[in-house]
Amino acid sequence: MAATYRQQYLRLLPAVEKVLHGKPLLEIRKTVPRTIVLEAVQEVIAEKRSLIQKAVSEAELQGMDVSSEKLGQEALKKIKQKTDPCLKPVLNATGVLLHTNLGRAPLASAAIEAITCVGKNYCNLELSLESGKRSSRYEHVEQLLCRLTGAESALVVNNNAGAVFLALNSLSSGKEAIVSRGELVEIGGSFRLPEVMAGSGTALVEVGTTNKCFLKDYRKAITDNTALLLKVHTSNYKIVGFTAAVPLSSLVKLAKEHNIAVMEDLGSGMLIDLSKYGLPYEPRVQDSVASGADIITFSGDKMLGGPQAGIIVGKKPYIDLIKKNQLLRALRIDKLTLAGLEATLRLYLDEEKARREIPILRMLTASGDPAARAEAIVAELKEKLGTAFRVGIAREKARVGGGSLPLALLNSCQVFLEPENMNSGSIAEKLRQADPPVLARVRKNRILFDMRTLREEEDEILLKALLQVLTP
Ligand SMILES: *Cc1c(COP(=O)(O)O)cnc(C)c1O
């Protein structure tokens, strides 16, 4: 039997029509389809009804506002959630340059323009404008990639995991590939080299130990069924201490003796020498090509700074084999990505231009100190927030992230916030749900906003979002 207090509250619930036509929903009804508005109102009323029915004492319901005004406001929030874009820009104040969860590399303006332009119009994706005949989508970037890397031939697919899978499937399906035990990587939880190899039909032959592997280990493992030697760049970890790995050039020599191929998965795929900018040396694609690898794979959206893509460069007979693989169609790159990738690669024709205009390279090689920007934000926050927070400048390091240069620490500075009476975790959560969402680092009771991953024009947006969340 329902208690009378519950019945009383249930009777107070307004009718759907009343909430629907109330003031809070007046504006949004003009633009949002009726079914969505109606659904939101029905959900809000159903939630309240359920709360009332579950209440075990009258006290629990005391002060509950079930006016049509209040329900309208709650419905409005729901409608916004239902209609706002789900995928949206965020401010990356984490100090991690390549954050896979945050979409890795932001694109250069040239790439964005190319994507917009090709997206808006028809394009010559698979048509030769010269002959009027059908052509291949892969041709648009092949010459450019060959020129930049020194390779004979090139191909691009959906992502690097796909590139590795497709190359293995084309070159070593039904056969064996030899890999050093210390190079069996896992990237971001879902790319595990042994599993990708198994999926491609390649039998994995592990050689060496976790920390040491010698040429003789590879040599001993070669059989009649060996198709290739696979070298994997340990992109997101380092083995330090007593270590030994075989250089690519030695593997190439050994492979030639046995008439088998050498493939290298570079992961990130740099085209410029970072040591010039005081960063640790990261193998460049050109170096692997020059060492004689037959196939090299790398990502478009890691340190290269372009859109998500898997790039395969190497010797023509091997690339031709991959081009003929039926599975290429399942991993093919789309025209928008291709447009963005081509524009990004074109910037590399002039290294200084690439460094200036590709956001990842700009952030990576930035030499100026962003302290002045941080100080301006701190001054503004001090004035607006009063004494509820301690505000200042911290000097922690930024990181490259995205499975690249795991040990590199980049000089940076952060605005920090230390709440007097609040939990920093709960503030970070509110900031994550702000408009636009702000992603920051939390250190004990401090929230840190790293300037290295924020563009100058984002400072103002950050400040606004902070004040929106932190001021009552
Ligand atoms: C990142 C990475 C991959 C996977 O590349 P995606 O672009 O994530 O598909 C494969 N191998 C190595 C060594 C990597 O670093």
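Residues numbered from 1 in each chain as written. Predicted model: local features only at pLDDT ≥ 70, side-chain atom pairs only at ≥ 80, totals over all residues. Heavy atoms only, no water.

Honestly, the overall build of the chain in this entry has me stumped. Any pointers?
When helices and strands are counted, the chain shows 19 helices and 18 strands. Principal-axis analysis of the C-alpha atoms places the extent of the chain at approximately 90 × 50 × 50 Å. Of all intrachain contacts in the chain linking residues separated by at least 6 positions in sequence, the fraction that spans at least 24 positions is 74%. Accessible area of the chain: about 23800 Å², with a carbon and sulfur share of 51%. Of the charged side chains in the chain, 64 are positive and 54 negative; the average position of the first set lies 2 Å away from that of the second. (Helix = DSSP H or I, 4+ residues; strand = E, 2+ residues; numbered from the N terminus. Contact = heavy atoms within 4.5 Å. Areas by Shrake-Rupley, 256 points an atom, 1.4 Å probe, with all protein chains shown as cover. Lys, Arg positive; Asp, Glu negative; His and termini not counted. Charge placed at Lys NZ, Arg CZ, Asp CG, Glu CD.)

Sorry, what's going on with the site of the ligand here?
Taken together, the neighbourhood of the ligand is formed by Arg104, Asn159, Asn160, Ala161, Ile187, Phe191, His233, Ser235, Asp265, Gly267, Ser299 and Lys302. Coverage of the ligand by the protein chains reaches 95% of its 380 Å² of free accessible surface. Of all the secondary structure elements, the ones that give two or more residues to the shell around the ligand are helix 8 (160–172) and strand 9 (261–267). Grouping the amino acids of the shell around the ligand by side-chain chemistry returns three nonpolar, six polar and three charged. (Near = heavy atom within 4 Å. Nonpolar A, V, L, I, M, F, W, Y, C, P; charged D, E, K, R; others polar.)

Explanation requested: the domain arrangement of the chain in the structure shown.
Interfaces are often sized by the amount of accessible area the parts lose when they come together. We note that the domain assignment places domain 1 (2–83), domain 2 (91–100 + 366–470) and domain 3 (108–357) within the chain. Each of domain 1 and domain 3 has a C-alpha centre, and these two points are 55 Å apart. (Domains from an automatic or database assignment.)

Just checking my understanding: could you explain the sheet that holds strand 8 (residues 226–232) for this structure?
Adjacent strands of a sheet form backbone hydrogen bonds with each other and so pair up, either parallel or antiparallel. Spatial ordering of the open sheet is given by 3-11-10-9-8-4-7, a layout of seven strands whose pairing is mixed. The open sheet terminates on both sides in strands that have one partner only, identified here as strand 3 (153–157) and strand 7 (203–207). Recorded for the sheet is a direction-independent mean angle of 25° between the axes of neighbouring strands. The pairing of strand 10 (residues 295–299) with strand 11 (residues 310–314) spans five bridges and is antiparallel. From the neighbouring strand, Ile295 faces strand 11, where its bridge partner is Gly314. Strands strand 3, strand 4 (176–180), strand 8, strand 9, strand 10 and strand 11 of the sheet are contacted by helix 8, whose axis makes an angle of about 160° with strand 10. Docked against the sheet, helix 11 (residues 248–258) engages strand 8 and strand 9, running at close to 155° with respect to strand 9. (Pairing = 2+ DSSP bridges. Axes fitted to C-alpha atoms, helices over the stretch in contact; angles between N-to-C directions.)

Honestly, unusual backbone geometry in this entry has me stumped. Any pointers?
Leave glycine aside and you will find that most residues have negative phi; peptide bonds, for their part, are mostly trans. Following Asp435, the chain continues to Pro436 via a peptide bond in cis, the omega torsion being 0°. You can see Pro436 is positioned in the loop between helix 18 (424–432) and strand 16 (438–439). Its identity is not glycine, yet Arg104 carries a phi of approximately 55°, on the positive side. By secondary structure assignment, the location of Arg104 is in the loop between strand 2 (96–98) and helix 6 (109–120). The phi dihedral of Asn259 falls on the positive side, at around 60°, and the residue is not glycine. Within the secondary structure, Asn259 is located in the loop between helix 11 and strand 9. Residue classification places Asn259 among the exposed positions, given a relative accessible area of 73%. (Buried < 20%, exposed > 50% of the residue type's maximum accessible area, 1.4 Å probe, protein only.)

Could you clarify how one ought to interpret the side chain of Glu282 in this entry?
Among the secondary structure elements, Glu282 is positioned in the loop between strand 9 and helix 12 (285–290). Lys238 provides the closest opposite charge to the buried, salt-bridge-free Glu282, at an N-O distance of 5.3 Å. Non-local contacts of Glu282, meaning those with residues more than four positions away in its chain, are made with His233, Ser268, Met270, Leu274, Met303 and Leu405. (Salt bridge = Lys/Arg side-chain N within 4 Å of Asp/Glu carboxyl O.)

When you look at the pairing of strand 4 in this model, what are you seeing that I'm missing?
In summary, the side chains of a regular strand alternate between the two faces of the sheet. Strand 4 sits mainly inside the fold: five of its five residues count as buried. Here strand 4 shows a buried face lined by Glu176, Ile178 and Ser180 and a second buried face lined by Ala177 and Val179. Pairing of strand 4 with strand 7 involves five bridges; the strand directions are parallel. Pairing of Ile178 across the sheet is with Val205, part of strand 7. Pairing of strand 4 with strand 8 involves four bridges; the strand directions are parallel. Considered in strand 8, the bridge of Glu176 is made with Thr226.

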